Amino acid sequence: MLKKLLVILFAISQMAFANTNFEYSVSKLLVFEGEKLDKSIGNIHSKYGVTRPTLKRYNGRTDIENLTEFQAKDIIYKLYWLEFGLDRFIDKRSALLVLDFLYNSNPTNATKQIQKAIGNSATGSLSISDVAKINYMGYKEFYKVYSKQRLDYMKSLKVWGQFKNGFKNRVNELGDLQ
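For the structure given in this document, a descriptive report is provided here.

Cut-off values and rules
Residues numbered from 1 in each chain as written. Predicted model: local features only at pLDDT ≥ 70, side-chain atom pairs only at ≥ 80, totals over all residues. Heavy atoms only, no water. Helix = DSSP H or I, 4+ residues; strand = E, 2+ residues; numbered from the N terminus. Buried < 20%, exposed > 50% of the residue type's maximum accessible area, 1.4 Å probe, protein only. Contact = heavy atoms within 4.5 Å. Areas by Shrake-Rupley, 256 points an atom, 1.4 Å probe, with all protein chains shown as cover. Salt bridge = Lys/Arg side-chain N within 4 Å of Asp/Glu carboxyl O. Polar contact = N/O pair within 3.5 Å; in protein donor to acceptor, adjacent residues only side chain to side chain. Core = buried A, V, L, I, M, F, W, Y, C linked by side-chain atoms within 4.5 Å. Phe/Tyr/Trp six-rings, centres within 6.5 Å; stacked < 30°, edge-to-face > 60°. Lys NZ or Arg CZ within 6 Å of the ring centre and 35° of its normal. Expected span 1.5 Å × (residues − 1).

1. Some details on the overall build of the protein
Okay, so step 1: Scanning the protein from N- to C-terminus turns up eight helices and three strands.
Okay, so step 2: The helix and strand sequence of the protein, counted from the amino end, reads α-β-β-β-α-α-α-α-α-α-α.
Okay, so step 3: Here the protein holds 178 residues, and 41% of them are scored as buried.
Okay, so step 4: Across the protein, every contact between residues at least 6 apart in sequence was considered, and the portion connecting residues at least 24 apart equals 53%.
Okay, so step 5: Put simply, the protein shows about 10,200 Å² of open surface, and 56% of that area lies on carbon and sulfur atoms.

This is the structure in structure tokens:
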């Protein structure tokens, strides 16, 4: 009986811990993204960083103009946080680094870049060993390799010239998380 109770209490504490990390990460992410409709890249509009194709994947709709902050958080939680197992990170800042890269890039490419940064095989699928290695490295050490790899990747993008200052600022700000 006592063993069962301890297992239940541990599970509840882990859920609360994961939820706290999500709330921290999503609040920081949405500050970067903003709530206005972004029309900066052709007809690929986004709101809260959610694009039309992502909204369609989430609920079959494309009316990005009507997206609410609550819906954006739900999309981030279901399509990124849970789908990529970001609740497995111990440090909320490391979870945010991974979430921000996944959210702002093709997730498979972002995952490969993260795996390269930490010296693991670039499979494009975030594994338990990837998460364990990042957890072991800790936020500061992970950020050092992450920031270099992410900026190198961004420099390869066609939009680098147009958005390089914003890209650099964002990656730099992610290095000063408390």
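2. Some details on the pattern of salt bridges
Okay, so step 1: Under the criterion given, the structure shown has ten salt bridges.
Okay, so step 2: Between R52 and E65 there is a salt bridge, with its nearest N and O atoms 2.7 Å apart. Taken together, the positions of R52 in helix 2 (residues 52-59) and E65 in the loop between helix 2 and helix 3 (69-82) put the pair 13 residues apart, joining distant regions of the chain.
Okay, so step 3: By relative accessible area, which is 39% here, E65 ends up partly exposed.
Okay, so step 4: One salt-bridge network, held together by shared partners, links E33, D100, R150 and R170.

3. Details of unusual backbone geometry
Okay, so step 1: The phi torsion at Y48 lies on the positive side, around 60°, for a residue other than glycine.
Okay, so step 2: Within the element layout of this structure, Y48 appears in the loop between strand 2 (44-47) and strand 3 (50-51).
Okay, so step 3: Overall, the relative accessible area of 9% leaves Y48 in the buried class.

4. Here's the deal with the environment of R61
Okay, so step 1: Along the chain, the position of R61 falls in the loop between helix 2 and helix 3.
Okay, so step 2: The exposure class assigned to R61 is partly exposed, which follows from its relative accessible area of 45%.
Okay, so step 3: Setting aside chain neighbours within four positions, we find R61 in contact with R52, L55 and K56.
Okay, so step 4: A polar contact is formed between the side chain of R61 and the side chain of D63, at a distance of 2.6 Å.

5. Here we look at the nonpolar core
Okay, so step 1: Among the nonpolar cores identified, the biggest contains 46 residues, and L86, V98 and F142 are the most heavily contacted of them.
Okay, so step 2: Those elements that provide at least two residues to this core are helix 1 (2-33), helix 3, helix 4 (92-104), helix 5 (107-118), helix 6 (128-137), helix 7 (139-155) and helix 8 (160-174).
Okay, so step 3: Leave out the neighbours within four places in its chain, and V98 touches L86, F89, I114, L126, I134 and F142.

6. A few points about the packing of aromatic side chains
Okay, so step 1: Counted according to the given criterion, the structure contains eleven aromatic pairs.
Okay, so step 2: Counting every residue linked through ring pairs, the aromatic cluster contains F101, Y139, F142, Y143, Y146 and Y153.
Okay, so step 3: One residue, K92, lies across the ring of Y24, its end atom 4.5 Å from the ring centre.

7. A word on the side chain of R150
Okay, so step 1: Mapped onto the elements of the fold, R150 is located in helix 7.
Okay, so step 2: At 2.6 Å, the side chain of R150 forms a polar contact with the side chain of D100.
Okay, so step 3: In this structure, R150 is in contact with D100, F101, N104, R170, V171 and L174, ignoring residues within four places of it in sequence.

8. Here's the deal with helix 5
Okay, so step 1: With twelve residues, helix 5 should reach 16 Å at 1.5 Å per residue; the first-to-last C-alpha distance of 17 Å fits that figure.
Okay, so step 2: Residues A110, T111, Q113, I114, Q115, A117 and I118 constitute the buried set of helix 5.
Okay, so step 3: On the buried face of helix 5, the contacting elements are helix 4, helix 6 and helix 7.
Okay, so step 4: One side-chain oxygen at the N-terminal end of helix 5 lies 2.8 Å from the backbone nitrogen of T108; it belongs to N106.
Okay, so step 5: One or two steps after helix 5, the chain reaches G119, where phi turns positive at roughly 85°.

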